[in-house]
Amino acid sequence: MKPTPAWGLMVADGRTLIVTAWWLFFFPTLAIVLTVLSMNLLGDWLRDRLDPKLRNV
């Protein structure tokens, strides 16, 4: 059975090699950061558009 790839596992595996192979840690971490940031921005935009309390302000 193949292991399921996950960003968290990639980061955990890359931590041990951070000095010699930094990209194994950096790129999955960057993917997590960009995903979380984009979801936060999308949530803020949706709140601004759909919250009736903020529409008249």
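Below or above, wherever it landed, is the structure these notes cover.

So, how was this worked out
Residues numbered from 1 in each chain as written. Predicted model: local features only at pLDDT ≥ 70, side-chain atom pairs only at ≥ 80, totals over all residues. Heavy atoms only, no water. Helix = DSSP H or I, 4+ residues; strand = E, 2+ residues; numbered from the N terminus. Buried < 20%, exposed > 50% of the residue type's maximum accessible area, 1.4 Å probe, protein only. Patch = residues over 30% accessible without salt bridge, like charges linked within 9 Å, V, L, I, M, F, W, Y side chains within 5 Å. Areas by Shrake-Rupley, 256 points an atom, 1.4 Å probe, with all protein chains shown as cover. Salt bridge = Lys/Arg side-chain N within 4 Å of Asp/Glu carboxyl O. Phe/Tyr/Trp six-rings, centres within 6.5 Å; stacked < 30°, edge-to-face > 60°.

## With respect to the environment of Met-39
Logical step 1: With respect to the helices, strands and loops of the structure, Met-39 is situated in helix α2 (residues 23-50).
Logical step 2: Overall, Met-39 belongs to the exposed group, its relative accessible area being 52%.
Logical step 3: A C-alpha to C-alpha distance of 24 Å links Met-39 and Leu-24, two positions 15 residues apart in sequence.

## Focus on a nonpolar patch on the surface
Logical step 1: Where nonpolar side chains cluster on the molecular surface, the patch consists of Leu-17, Ile-18, Val-19, Trp-22, Trp-23, Leu-24, Phe-26, Phe-27, Leu-30, Leu-34, Leu-37 and Leu-41 and spans about 1200 Å² of accessible area.
Logical step 2: Relative to the assigned elements, Phe-26 resides in helix α2.
Logical step 3: The exposure class assigned to Phe-26 is partly exposed, which follows from its relative accessible area of 39%.

## What to know about the packing of aromatic side chains
Geometry of an aromatic ring pair is reported as the spacing of the ring centres plus the angle between the planes.
Logical step 1: Considering all chains together, one arrives at 4 aromatic pairs under this definition.
Logical step 2: Taking the centre distance of 5.9 Å and the plane angle of 80° together, the rings of Trp-22 and Trp-23 count as edge-to-face.
Logical step 3: Pairing Phe-26 with Phe-27 gives two aromatic rings, centres 5.1 Å apart and planes at 75°, and the pair type is edge-to-face.
Logical step 4: Site record: aromatic cluster; members linked through ring pairs are Trp-22, Trp-23, Phe-26 and Phe-27.

## Let's talk about the pattern of salt bridges
Logical step 1: Tallied over the entire structure, the rule returns 2 salt bridges.
Logical step 2: In this structure, Arg-47 and Asp-44 form a salt bridge, with 3.4 Å as the shortest nitrogen-oxygen distance. Of this pair, Arg-47 and Asp-44 both sit in helix α2, 3 residues apart, roughly one helical turn.
Logical step 3: The exposure class assigned to Asp-44 is partly exposed, which follows from its relative accessible area of 36%.
Logical step 4: Notably, a salt bridge pairs Arg-47 with Asp-48, separated by 3.4 Å at the nearest N-O pair.

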